[in-house]
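# Structural features, examined
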Amino acid sequence: MSGLVGVYGHPEAANLVYLGLYALQHRGQMGAGIVASDGQRMPWHRGLGLVSDVFDREIIQQLKGASAIGHNSNSSHELAQNMQPLVFELGEDGLAIAHSGNFTNASELRRQYGEKGAIFQSRTDTEILAHLMAGYRGGIVDQVKHALSVVRGAYSLLFLNRTSMIATRDPHGFRPLVLGRMHEATIVASETCALDLVGAEYVREIEPGEVLVVTKDGLQSFYVVSAHPSTRCIFEYVYFARPDSIVYGRNVYQVRKEFGRQLAREHPVDADIVVPVPDSGVPAALGYAEQSGLPLEFGLVRNHYVWRTLIEPHDAIRHFGAKVKLNAQREVLAGKSVVVVDDSIVRGTTSRKIVTMLRAAGAKAVHMRIGSPPTKCGCYHGNTPNSNELIASNKSTETIRDFIAADSLAYLSELGMYAALKADECSGFCSTCFMQ
Ligand code: 5GP
Ligand code: MG
């Protein structure tokens, strides 16, 4: 998961991309980068940290041009050289690439190029695209089409050169990518919340397998690989996307709230209050409260100036992070039987801390309710941690309940999830993370 923004045809392109990246900070906090083009030069800047750490006014002013692409990285390769967009000297027009996702045949392609003597400047899968493009004769559109016919996996991609911007989504549509408009300018982004921030109008999703080419003559759309069954990542609805975004045509907040309603139907509790785990559990908790008729109370308050806990690489730091992030309010919780609602359990360590915290603040009973099915399987496309880190991969719900020390624990069923989406199991979502 990472965040992408591209703008074409606006005098302040880099500034808009910067703002868009700000809106998409939740998709990646490891580093950020922007490349602009004024038709001649392609200035760029990349660095480690949050968007606000990487850029300042002076840097943005140096990124001159009417087009720009940017990237928020969630990479585990913690070096600035692995941050994106990557920039290459390729032919007359140069090339920059920003990539959300990974290629399942990346290591094989890397090995093949390595054997031919190719040198890589990063450890990203993205760089393979540049090699594939450089080895193919033709303009950028043909080069992109060629590269896409070779790579496999889940990706949304932005390409920029001196004359054009190209946006594409993999043929299965694993990752979200949307198209927007701002007067004469075209904007693409991972989520619509980036369009909202800059005042752009949401036009539509980029379709799975679509290659959208933006030049001074307008927009042109191609399909490289014929339609595949679409398998959009369902975890976007559970956790990844911001609630105020429209993802796959639906408002994420409403979807999460519906998950919470369904959860209340499936797993009601005789309790006094519903307490969300902020922020990710809030919409599901609201749905749960509405459906059950129990009052919603903010018994846990979040400090917003702490990074998301799970990106911290070491266990010791993560445990510390959970304490820093949330505080339980005794005035709300004392003597109460509490339904605590979160969107998902990954490792179980945060949930365990939360249950302990609620009890320490006087809660009489703690019933944990989760607005998605157990996350059992590490994502093949690199979205969630490996299976060996997922507590539900080899533990029953009862064992997990015992680990987190809750009085009861229940998850939304997979069928219930589809019911909430008013969809069926074959309606084009990837839900392998819920499979054993
Ligand atoms: P756990 O109890 O598993 O340690 O933590 C649960 C919390 O992790 C939930 O509040 C959920 O929002 C969050 N979470 C779920 N998936 C992810 C993920 O892929 N990355 C990060 N950083 N947090 C996640
Ligand atoms: Mg959370």
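The structure this text deals with has already been given above.
Residues numbered from 1 in each chain as written. Chains lettered and ligands numbered in written order. Predicted model: local features only at pLDDT ≥ 70, side-chain atom pairs only at ≥ 80, totals over all residues. Heavy atoms only, no water.

In the region of ligand 1, 15 residues are neighbours, and Asp342, Asp343, Val346, Arg347 and Ser351 sit closest. The contact in question runs from an oxygen atom of ligand 1 to an N or O atom on the backbone of Val346, over 2.6 Å. For the shell around ligand 1, the secondary structure elements donating two or more residues are α8 (235-240) and α13 (349-360). In the shell around ligand 1, the residues fall into six nonpolar, six polar and three charged. (Near = heavy atom within 4 Å. Polar contact = N/O pair within 3.5 Å; in protein donor to acceptor, adjacent residues only side chain to side chain. Helix = DSSP H or I, 4+ residues; strand = E, 2+ residues; numbered from the N terminus. Nonpolar A, V, L, I, M, F, W, Y, C, P; charged D, E, K, R; others polar.)

Pairing in this open sheet of seven strands is antiparallel, and the strands run β3-β2-β4-β1-β10-β9-β11 from one edge to the other. Whereas interior strands pair on both sides, the edge strands pair on one side only; in this sheet they are β3 (44-48) and β11 (201-205). Within the sheet, the average angular offset between the axes of one strand and its neighbour, ignoring direction, is 15°. Alignment of strand β1 (residues 3-8) against strand β10 (residues 185-189), held across four bridges, turns out to be antiparallel. If you follow Val5 over to β10, its bridge partner there is Ala189. Contacting β1, β2 (31-37), β4 (67-73) and β9 (178-182), helix α1 (residues 13-23) runs over the sheet at an angle of about 25° to β4. (Pairing = 2+ DSSP bridges. Axes fitted to C-alpha atoms, helices over the stretch in contact; angles between N-to-C directions. Contact = heavy atoms within 4.5 Å.)

This paragraph deals with the packing of aromatic side chains. Counted according to the given criterion, the structure contains 11 aromatic pairs. With centroids separated by 6.3 Å and ring planes inclined at 45°, the aromatic side chains of Phe235 and Phe434 adopt a geometry described as tilted. Of this pair, Phe235 sits in helix α8 while Phe434 sits in the segment after β23 (429-430), and the two are 199 residues apart along the sequence. Comparing Phe235 with Phe434 shows no difference in burial state: the two are buried. With a centroid separation of 5.9 Å and 70° between ring planes, the pair formed by Tyr239 and Phe240 is classed as edge-to-face. Put simply, the rings of Phe235, Tyr239, Phe240 and Phe434 pair up and form one aromatic cluster. Note that Arg46 overlies the ring of Trp44, its terminal NZ or CZ placed 4.5 Å from the centroid. The ring centre of Phe120 lies 4.3 Å from the NZ or CZ of Arg110, which sits over that ring. (Phe/Tyr/Trp six-rings, centres within 6.5 Å; stacked < 30°, edge-to-face > 60°. Buried < 20%, exposed > 50% of the residue type's maximum accessible area, 1.4 Å probe, protein only. Lys NZ or Arg CZ within 6 Å of the ring centre and 35° of its normal.)

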